[in-house]
Amino acid sequence: MARPKIRGVQNDLSQISVIDWARLAAYIDGEGHIALNENKMSNGKRYAYLRVIVTNTDPRLIIWLQRMFGGGVVRVERQQAQHRRAFKWTASCRHAEAILRGCLPYFIMKRDQADIALAFQETLRGYHRWKPRPEDVSDLRTQYREQLLKAREPRDIQIVRDEDGNAVDILQ
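Computed from a prediction, not measured in an experiment: that's the story for all the values here.

Draft legend 1. The arrangement of the overall build of the protein chain in detail. Helices and strands together make up the secondary structure of the protein chain, namely five helices and six strands. Per-residue burial over the protein chain gives 33% buried out of 172 residues. Taking the contacts inside the protein chain whose residues are at least 6 apart along the sequence as the reference set, 58% of them involve residues at least 24 apart. Only carbon and sulfur atoms are counted for the fraction: they give 49% of the accessible area of the protein chain, which is about 11600 Å².

Draft legend 2. Structural detail: the nonpolar core. Ranked by internal contacts, the top residues of the largest apolar core, which has 34 residues, are Leu24, Ile28, Phe69, Trp89, Ile99 and Leu100. Contributions of two or more residues to this core are made by helix H1 (18-31), strand S1 (32-40), strand S2 (46-56), helix H2 (59-69), strand S4 (86-92), helix H3 (93-103), helix H4 (111-122) and helix H5 (135-151). Setting aside residues no more than four positions away along its own chain, Leu24 makes contact with Leu65, Phe69, Trp89, Ile99 and Cys103.

Draft legend 3. Inspection of the packing of H3 against H4 at higher detail. Two elements in contact, H3 and H4, have axes whose closest approach is 10 Å; the angle formed by their N-to-C orientations is 140 degrees. In terms of orientation, H3 lies oblique with respect to H4. Pair H3 / H4 crosses with left-handed handedness. The segment H3 lies against H4, with Cys93, Arg94, Glu97, Leu100 and Arg101 engaging Ala114, Ala117, Leu118, Gln121 and Glu122. Split by residue class, the contact of H3 with H4 holds five nonpolar, one polar and four charged.

Draft legend 4. Focus on unusual backbone geometry. At Cys93, a position not held by glycine, the phi torsion is positive, near 55 degrees. Mapping Cys93 onto the fold places it in helix H3.

Draft legend 5. The pairing of S2, seen in detail. Most of S2 is tucked away: eight of the eleven residues are buried. Looking at chain direction, S1 and S2 are connected through nine bridges and run antiparallel. Considered in S2, the bridge of Glu38 is made with Ala48. Hairpin connection from S1 to S2: five residues lie between these consecutive antiparallel strands, with Gly44 at a positive phi of about 95 degrees. Pairing of S2 with S4 involves six bridges; the strand directions are antiparallel.

Draft legend 6. Expanded view of the pattern of salt bridges. Under the criterion given, the structure shown has six salt bridges. Across the pair Glu97 and Arg101 runs a salt bridge whose closest N-O atoms are separated by 3.0 Å. Taken together, the residues Glu97 and Arg101, both in helix H3 and four residues apart, mark about one turn of the helix. A salt bridge links Glu122 to Arg101, with the shortest nitrogen-to-oxygen separation between them at 3.1 Å.

Draft legend 7. Geometry of H2. Taken as a whole, H2 has its buried residues at Leu61, Ile62, Leu65 and Phe69. Burial along H2 is one-sided: seen end-on, the buried residues are contained in an arc of 95 degrees. The exposed residues of H2 that point more than 90 degrees off its buried face are Arg60 and Arg67. Those residues of H2 that are buried are in contact with H1, S2, strand S3 (72-76), S4 and H3.

Draft legend 8. The arrangement of a positive patch on the surface in detail. Among the surface-exposed residues, Arg75, Arg78, Arg84 and Arg85 lie close enough to one another that they form a single positively charged patch. Among the structural elements, Arg78 can be located in the loop between S3 and S4.

Definitions and cut-offs
Residues numbered from 1 in each chain as written. Predicted model: local features only at pLDDT ≥ 70, side-chain atom pairs only at ≥ 80, totals over all residues. Heavy atoms only, no water. Helix = DSSP H or I, 4+ residues; strand = E, 2+ residues; numbered from the N terminus. Buried < 20%, exposed > 50% of the residue type's maximum accessible area, 1.4 Å probe, protein only. Contact = heavy atoms within 4.5 Å. Areas by Shrake-Rupley, 256 points an atom, 1.4 Å probe, with all protein chains shown as cover. Core = buried A, V, L, I, M, F, W, Y, C linked by side-chain atoms within 4.5 Å. Axes fitted to C-alpha atoms, helices over the stretch in contact; angles between N-to-C directions. Parallel < 35°, antiparallel > 145°, perpendicular 65-115°, else oblique. Left-handed = near helix turned anticlockwise from the far one by under 90°. Nonpolar A, V, L, I, M, F, W, Y, C, P; charged D, E, K, R; others polar. Pairing = 2+ DSSP bridges. Salt bridge = Lys/Arg side-chain N within 4 Å of Asp/Glu carboxyl O. Arc of directions from axis to C-beta. Patch = residues over 30% accessible without salt bridge, like charges linked within 9 Å, V, L, I, M, F, W, Y side chains within 5 Å. Lys, Arg positive; Asp, Glu negative; His and termini not counted. Charge placed at Lys NZ, Arg CZ, Asp CG, Glu CD.

Quick look at the structure:
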């Protein structure tokens, strides 16, 4: 049987187990982030694209992520001498979209960010160099970028505890 491929994705993600999708979702929740990065082309036009990134100081995690899910790996230079070296795994564009779709049911903290990023990706459908985006679609993409930045801001929360000190609810 032929392996189904996602256009633009190098690895066959259909063979990933539920457990590994859940693991990846946990790593993105705790050690990663979802971003809509912006680049500037040589003609001055700007474009935004989706990236999913996991950073960790243990290269075993990053190597596992690349072997299981594809993507790129880079070493992060130390910001200060006392910092440990770190490694970064990244997936971009359609690959990042496929990663988020696989992790979606398992996210705890970043589900809202993943939903925004996937909505952003939907705005890419049907537009190319020869069929430019209408202005309202460009505005919508800008709104999604702003929503994602807002969703990434720390929230003021209060933990509600029972008489034994166990957390029973969170108020936002």
